[in-house]
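Close look at the chain arrangement
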Amino acid sequence: MKIGIIGAGHMGSTLAHLFTAAGDDVAIANSRGPDTLLDLEAHLGHHAHARTAEQAARYGGVVIIAVPFGHYRDLPAAALAGHTVVDATNYDPERDGRDERLEHGSVTSSELLQLHLPGARVVKAFNAMRWDHLLDHGRSAGANRRYGIPVSGDDPEAKRQVFDLIEQIGYEPVDAGHLGEGGRKHEPGTEVYAADLWADTLWARIGVS
Ligand SMILES: NC(=O)c1ccc[n+]([C@@H]2O[C@H](COP(=O)([O-])OP(=O)(O)OC[C@H]3O[C@@H](n4cnc5c(N)ncnc54)[C@H](OP(=O)(O)O)[C@@H]3O)[C@@H](O)[C@H]2O)c1
């Protein structure tokens with residue numbers, strides 16, 4: 001599969017590592033340009049390609065966003081139209097600046113991202129586990145138990161694509177519901193956030209069938 005990743009820090013480079021190791025081709029971008037990603041590209045091997053954010057957005061059917069949430073308005077909306085966009089970001093008022101709508105819970109950060117990207121199908125996933133745990137906690141298919149990754153979104157087909165990605169890197173997707181309702185279930189401050197739960201436990205807490 002061809003996957004774009006925008007954001008090449010802790011989270012973006014971890015996801016790039018996991019997906020290239022699984023045999024996917026990844027185009028990864030940061031804000032400073034591909035020349036600053038050559039070491040990472042070399043480290044990740046021939047499945048990885050350093051690109052601009054615009055190029056990463058157009059690279060594959062699925063594009064993962066792993067930038068500080070406060071930068072979401074910089075994302076290339078036209079290039080992301082028609083794509084499944086995986087929102088791995090979290091709102092952090094100290095880092096991103098205080099947003100009253102998010103503070104009061106009238107909207108979730110993923111819904112704001114969806115409003116910025118009207119042509120994309122936004123799915124929230126990979127936001128609830130620390131990058132260094134994500135790197136280590138994957139289990140091969142058939143393992144007795146696998147860790148769960150909560151997923152929320154409004155488009156069933158886009159969600160299925162993200163479920164497949166999660167399976168590929170050794171986790172079990174847990175459907176948490178719609179983007180807004182589900183997003184609230186696995187954001188910072190919720191009981192499952194950074195709790196590293198087995199899939200069955202996670203499903204019992206926030207899953208929908
Ligand atoms: N760290 C975790 O364990 C963790 C876990 C779950 C979710 N998250 C979420 O994932 C997101 C990234 O966190 P992180 O820890 O990976 O941050 P980080 O290490 O600071 O990396 C941020 C990356 O985003 C890039 N970036 C910033 N603005 C951009 C833009 N406009 N276009 C393209 N790239 C841009 C930065 O590029 P430059 O360096 O070139 O500016 C950098 O590569 C955050 O929303 C965070 O809340 C993090």
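Note: the structure precedes this text.
Here's a quick rundown of the structure. (Residues numbered from 1 in each chain as written. Predicted model: local features only at pLDDT ≥ 70, side-chain atom pairs only at ≥ 80, totals over all residues. Heavy atoms only, no water.)

**Section: the overall build of the chain**
The helix and strand tally for the chain stands at eleven helices and eight strands. For 209 residues, the compact-globule formula gives about 17 Å, and the C-alpha radius of gyration of the chain, at 16 Å, lands near that figure. Looking at the chain alone, contacts between residues at least 24 apart form 64% of all its contacts between residues at least 6 apart. For the chain, the accessible area works out to roughly 9,500 Å², and carbon and sulfur atoms hold 49% of it. (Helix = DSSP H or I, 4+ residues; strand = E, 2+ residues; numbered from the N terminus. Rg over C-alpha atoms; globule rule 2.2 N^0.38 Å. Contact = heavy atoms within 4.5 Å. Areas by Shrake-Rupley, 256 points an atom, 1.4 Å probe, with all protein chains shown as cover.)

**What about the layout of surface pockets?**
Roughly 680 Å³ of volume is contained in the largest pocket. Lining the largest pocket are 31 residues; nearest its centre among them are Met11, Ala66, Val67, Pro68 and Arg95. For the lining of the largest pocket, the residue count by class is 18 nonpolar, nine polar and four charged. Surrounding the second largest pocket, Tyr91, Pro93, Leu102, Glu103, Gly105, Val107, Thr108, Ser109, Arg184, Glu187 and Pro188 form its lining. Here the residues of the lining of the second largest pocket sort into five nonpolar, three polar and three charged. (1 Å grid on protein atoms, 1.4 Å probe; cavity = no way out; pocket = protein on both sides within 12 Å on 5 of 7 lines; lining within 4 Å. Points joined across faces, edges and corners; volume = space filled by probe spheres on them. Nonpolar A, V, L, I, M, F, W, Y, C, P; charged D, E, K, R; others polar.)

**Re the pattern of salt bridges**
Here the structure, examined in full by the defined rule, presents 13 salt bridges. Its salt-bridge partner being arginine 58, residue glutamate 54 comes within 2.9 Å of it at the nearest N-O pair. Placement of both glutamate 54 and arginine 58 in helix H3 (residues 53-59) is noted, with a separation of four residues, approximately one turn of the helix. A relative accessible area of 37% means that glutamate 54 is categorised as partly exposed. Among the salt bridges present, the one from glutamate 103 reaches arginine 98, with a minimum N-O distance of 3.6 Å. (Salt bridge = Lys/Arg side-chain N within 4 Å of Asp/Glu carboxyl O. Buried < 20%, exposed > 50% of the residue type's maximum accessible area, 1.4 Å probe, protein only.)

**Some points on the environment of isoleucine 5**
For isoleucine 5, the location among the structural elements is in strand S1 (residues 2-6). Take isoleucine 5: its relative accessible area is 0%, and that puts it in the buried class. Spatially, the C-alpha atoms of isoleucine 5 and glycine 60 are 9.5 Å apart, while their sequence positions differ by 55 residues. The contact partners of isoleucine 5, leaving out residues within four places of it in the chain, are Gly12, Leu15, Ala16, Val26, Ala27, Ile28, Ala29, Ala56 and Ile64.

**Remarks on the packing of aromatic side chains**
Summed over the entire model, instances satisfying the criterion amount to four aromatic pairs. Geometrically, the ring pair formed by phenylalanine 69 and tyrosine 91 is edge-to-face, given 6.3 Å between the ring centres and 80 degrees between the ring planes. One end of the pair, phenylalanine 69, is in the loop between strand S4 (62-65) and helix H4 (77-80); the other, tyrosine 91, is in the loop between strand S5 (84-87) and helix H5 (93-96), with 22 residues separating them in the sequence. For phenylalanine 69, a relative accessible area of 3% translates into the label buried. Look at tyrosine 91 and you get buried, because its relative accessible area is 15%. Where tyrosine 147 meets tryptophan 198, the ring centres are 4.2 Å apart and the plane angle is 20 degrees; that geometry is what we call stacked. Separated by 51 residues along the polypeptide, tyrosine 147 in the loop between helix H8 (131-136) and strand S7 (148-153) and tryptophan 198 in the loop between helix H10 (179-185) and helix H11 (199-206) bring together distant segments of the chain. Among the aromatic residues, ring-to-ring pairing joins Phe69, Tyr72 and Tyr91 into one connected group. (Phe/Tyr/Trp six-rings, centres within 6.5 Å; stacked < 30°, edge-to-face > 60°.)

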